[in-house]
Amino acid sequence: MKKNLKRNKVLLTSLLGLAVVASSTAAFSTWIFGYIHKTEENQLTVKVDTTTNKSVVLTAKANNPVIKVGENAKVEGQTYVNVDVYESALQITLDTFKVTFSEATIKPPKINFELKEADFNKVNVASANDYFGRPTGDYTYIVLAQESITLAESNYTVEANDANGNNVWSINDNIVEFGWGTFFTYAPAGQTTPAPTKPSEFYNQNIEKKGEAEKLTAIKNGQTELDNMKKALHDGGKEFTLTITVETVDVTPIV
């Protein structure tokens, strides 16, 4: 085994695994209630480290490390809640994303993603009197939409060996996707319409259920919930931790 690779951190696991840790805060799109209110935009910064496990190095870097927490499509039809469209919302692009390994027999089959639980990303509904009918329990604002990438010839490129003769794979599948958490995707049992997948759907469905005299109150409650999300995810310099791990297996043939 060659010993000329940089060893920033060594992970002692049963697999030859290694992790890239990204710390990030949150930025926000605009939700418009009654076509009046606009929330504030804030930037989410991602810091990516490089971790080494013996002869395998995973490198992940974002040149524009900003996650936009918002929706990327207008709401169609008559609505109570619309949005300012946020292009490339809820994702990070890794401009440098590669695996370098010294032995040709060590093949990385998969890359895993994990978003560490954070208290500021949780919403506790402690009362059965939640305005929009959520049961008591813990809910989340945002989640990781993808947990892994299976490496195949279609999603990586074999580059020329580096100066030390190590193998280099550039990962083409370089966008990490996030999604909306259970706070915005809850639907009661027996609901005949599809469950909501994002805030605008959640509030439009639930405001529609209210009587005419209560719709303005429902709009105000929805606006307050989104303002609370902005405060929870952004204010005070809070950070998420995203861990990216590459798995490797030794495919040396048995003689």
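Heads up: these notes are all about the structure in this document. (Residues numbered from 1 in each chain as written. Predicted model: local features only at pLDDT ≥ 70, side-chain atom pairs only at ≥ 80, totals over all residues. Heavy atoms only, no water.)

Let's shift gears to the pairing of strand 6 (residues 56–61). Burial analysis of strand 6 places five of its six residues in the buried class, which makes it a mostly covered element. The pairing of strand 6 with strand 10 (residues 96–101) spans six bridges and is classified as antiparallel. If you follow V57 over to strand 10, its bridge partner there is T100. (Buried < 20%, exposed > 50% of the residue type's maximum accessible area, 1.4 Å probe, protein only. Helix = DSSP H or I, 4+ residues; strand = E, 2+ residues; numbered from the N terminus. Pairing = 2+ DSSP bridges.)

You can see V176 is positioned in strand 18 (residues 175–180). When the C-alpha atoms of V176 and Q146 are compared, they prove to be 7.2 Å apart, with 30 residues separating the residues in sequence. With near-sequence residues (within four places) excluded, V176 lies in contact with L90, Q91, I92, L94, F113, L144, Q146 and L242. (Contact = heavy atoms within 4.5 Å.)

Computed from the structure, the largest pocket encloses a volume of approximately 210 Å³. Taken together, 13 residues make up the lining of the largest pocket; nearest its centre are L115, K116, E117, V143 and L144. Of all the secondary structure elements, the ones that give two or more residues to the lining of the largest pocket are strand 11 (106–115) and strand 14 (142–144). Grouping the constituent residues of the lining of the largest pocket by class yields six nonpolar, two polar and five charged. (1 Å grid on protein atoms, 1.4 Å probe; cavity = no way out; pocket = protein on both sides within 12 Å on 5 of 7 lines; lining within 4 Å. Points joined across faces, edges and corners; volume = space filled by probe spheres on them. Nonpolar A, V, L, I, M, F, W, Y, C, P; charged D, E, K, R; others polar.)

This brings us to the environment of S154. Relative to the assigned elements, S154 resides in the loop between strand 15 (148–150) and strand 16 (156–159). Given a relative accessible area of 67%, S154 falls into the exposed group.

Per the stated rule, a full pass over the model turns up three salt bridges. The salt bridge partner of E117 is K122, with a shortest N-O separation of 3.4 Å. Residue class for K122 comes out partly exposed when judged on its relative accessible area of 35%. The shortest N-O distance in the salt bridge between R134 and D130 comes to 3.3 Å. As far as burial versus exposure is concerned, R134 and D130 are alike and both buried. Sharing partners across several salt bridges, the network here consists of D130, R134 and E225. (Salt bridge = Lys/Arg side-chain N within 4 Å of Asp/Glu carboxyl O.)

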